[in-house]
Amino acid sequence: MAGRHQKIKLAWYQEEPDFWDDPRFRSARNLYGYLSYVIYKSLHDMIFLTNGYFINYKTEREKADVIYWLRQRLVGPGLPSAEKMGDVIGELVACGLFDGDLFRRGVITSHWAQ
């Protein structure tokens, strides 16, 4: 039968399929489970939707804006507290998934975003 060649797998996939196996992610995953991944991906979405490179996270207002944006995304029962979301962000930085030096200067970014 003539026709299109049957696909065996996707030719392109936007996500990082081996992310769950990344050693840097293990501690965040062990502490916060799926929430660490959801916040990680959501912060990258926010970076992409704002300027494509970073999120300002220095002043209390900037931090509150980021947490508010995350809370708008993660609606529903079991919504984590703002404090817990901040803790997850801190753990993602500590794991090296976001740049620690820039984070201490009030910027959330990563190698991926650059």
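Here is what the cut-offs are and how they apply
Counting restarts for each chain: residues are numbered from 1 in the order of the written sequence. Only residues with pLDDT of 70 or above have their local features reported here, since the model is predicted, and side-chain atom pairs are shown and tallied only from 80 upward, although totals for entire chains, interfaces and linings are computed over all residues. Think of the side-chain values as coming from all heavy atoms in the structure, minus any hydrogens and water. Strands here mean DSSP runs of E at least two residues long; helices mean DSSP runs of H or I at least four residues long; both are numbered from the N terminus. In what follows, residue pairs with any heavy atoms lying within 4.5 Å of each other are defined as contacts. Every axis corresponds to a line fitted to the C-alpha atoms, with the helix fit spanning only the stretch in contact, and the corresponding angles, defined between N-to-C directions, vary from 0 to 180 degrees. Angular relationships are summarised with four words: roughly parallel below 35 degrees, roughly antiparallel beyond 145, roughly perpendicular across 65 to 115, and oblique for the angles in between. Following the grouping adopted for this structure description, the nonpolar residues are Ala, Val, Leu, Ile, Met, Phe, Trp, Tyr, Cys and Pro, the charged ones are Asp, Glu, Lys and Arg, and the polar ones are all others, Gly among them. In a helix, the anticipated span is given by 1.5 Å times the number of residues less one. For every residue, the accessible area (1.4 Å probe, protein chains only) is compared with the maximum for its type, and the residue is labelled buried under 20%, exposed over 50%, or partly exposed between those bounds. Here a patch means residues that are over 30% exposed by relative accessible area and free of salt bridges, tied together within 9 Å if like-charged and within 5 Å if nonpolar (Val, Leu, Ile, Met, Phe, Trp, Tyr). What sets the accessible areas is the Shrake-Rupley method with a 1.4 Å probe; for residues, cover comes only from the shown protein chains. What makes a salt bridge here is a side-chain nitrogen of Lys or Arg within 4 Å of a carboxyl oxygen of Asp or Glu, nothing more. Each Phe, Tyr or Trp ring (for Trp, its six-membered ring) is paired with any other whose centre lies within 6.5 Å, and the angle between the two planes then decides the class: stacked below 30 degrees, edge-to-face above 60, tilted in between.

**Student:** Would you explain the overall build of the protein in this entry?
**Tutor:** Counting secondary structure elements, the protein contains five helices and two strands. The secondary structure elements of the protein, listed N-terminal to C-terminal, are α-α-β-α-α-α-β. Within the protein, contacts between residues separated by at least 24 positions form 58% of all contacts whose residues are at least 6 apart in sequence.

**Student:** Whenever I open this one, the packing of helix α2 (residues 34–50) against helix α4 (residues 82–94) confuses me. Can you help?
**Tutor:** When two helices pack together, their arrangement is given by the angle between their axes and by how far apart the axes lie. The N-to-C vectors of α2 and α4 enclose an angle of 80°; their axes lie 10 Å apart at closest approach. For the element pair α2 / α4, the angle class is roughly perpendicular. Mapping the contact onto sequence places Leu-35, Ser-36, Ile-39, Tyr-40 and Leu-43 in α2 and Lys-84, Met-85, Val-88, Ile-89 and Leu-92 in α4. Broken down by class, the residue content of the contact of α2 with α4 amounts to eight nonpolar, one polar and one charged.

**Student:** Can you help me understand α2 in this one?
**Tutor:** Residues three or four positions apart in an α-helix share a direction because the helix packs 3.6 residues into each turn. For α2, spanning 17 residues, the distance from its first C-alpha to its last is 24 Å, which sits close to the expected 24 Å at 1.5 Å a residue. Among the residues making up α2, those that are buried are Leu-35, Ser-36, Tyr-37, Ile-39, Tyr-40, Lys-41, Ser-42, Leu-43, His-44, Met-46 and Ile-47. For α2, the elements touching its buried residues are α1 (26–32), β1 (55–56), α3 (60–73), α4 and β2 (107–108).

**Student:** In this structure, what is going on with a nonpolar patch on the surface? I would like to understand it.
**Tutor:** Nonpolar side chains collect at one region of the surface, where Phe-48, Leu-49 and Trp-112 lie side by side and expose about 410 Å² of accessible area between them. Checked against the element boundaries, Leu-49 lands in helix α2.

**Student:** Just checking my understanding: could you explain the pattern of salt bridges for this structure?
**Tutor:** Going through the model one piece at a time under the given rule, you end up with three salt bridges. Taking the shortest distance from any N to any O, the salt bridge between Asp-22 and Arg-24 comes out at 2.8 Å. In this structure, the salt-bridge partner of Arg-104 is Asp-101, at a minimum N-O distance of 2.8 Å. Of this pair, Arg-104 and Asp-101 both sit in helix α5 (residues 100–104), separated by three residues, roughly a single helical turn. Just as Arg-104 is exposed, Asp-101 falls in that class too.

**Student:** Mind showing me how you'd approach the packing of aromatic side chains here?
**Tutor:** Here a ring pair, both rings aromatic, is described through the centre-centre distance and the interplanar angle of the planes. For the structure on display, the rule yields three aromatic pairs. With a centroid separation of 5.5 Å and 50° between ring planes, the pair formed by Tyr-40 and Phe-98 is classed as tilted. Remark: Phe-98 occurs in the loop between α4 and α5 and Tyr-40 occurs in helix α2; sequence separation between them is 58 residues.

**Student:** In this structure, what is going on with α4? I would like to understand it.
**Tutor:** Over its 13 residues, α4 extends 18 Å from the first C-alpha to the last, a length consistent with the 18 Å expected when each residue adds 1.5 Å. Looking at α4, one finds that the buried residues are Met-85, Val-88, Ile-89, Glu-91, Leu-92 and Val-93. On its buried face, α4 sits against α1, α2, α3, α5 and β2. The positive-phi residue at the C-terminal boundary of α4 is Gly-96, with phi of around 90°.

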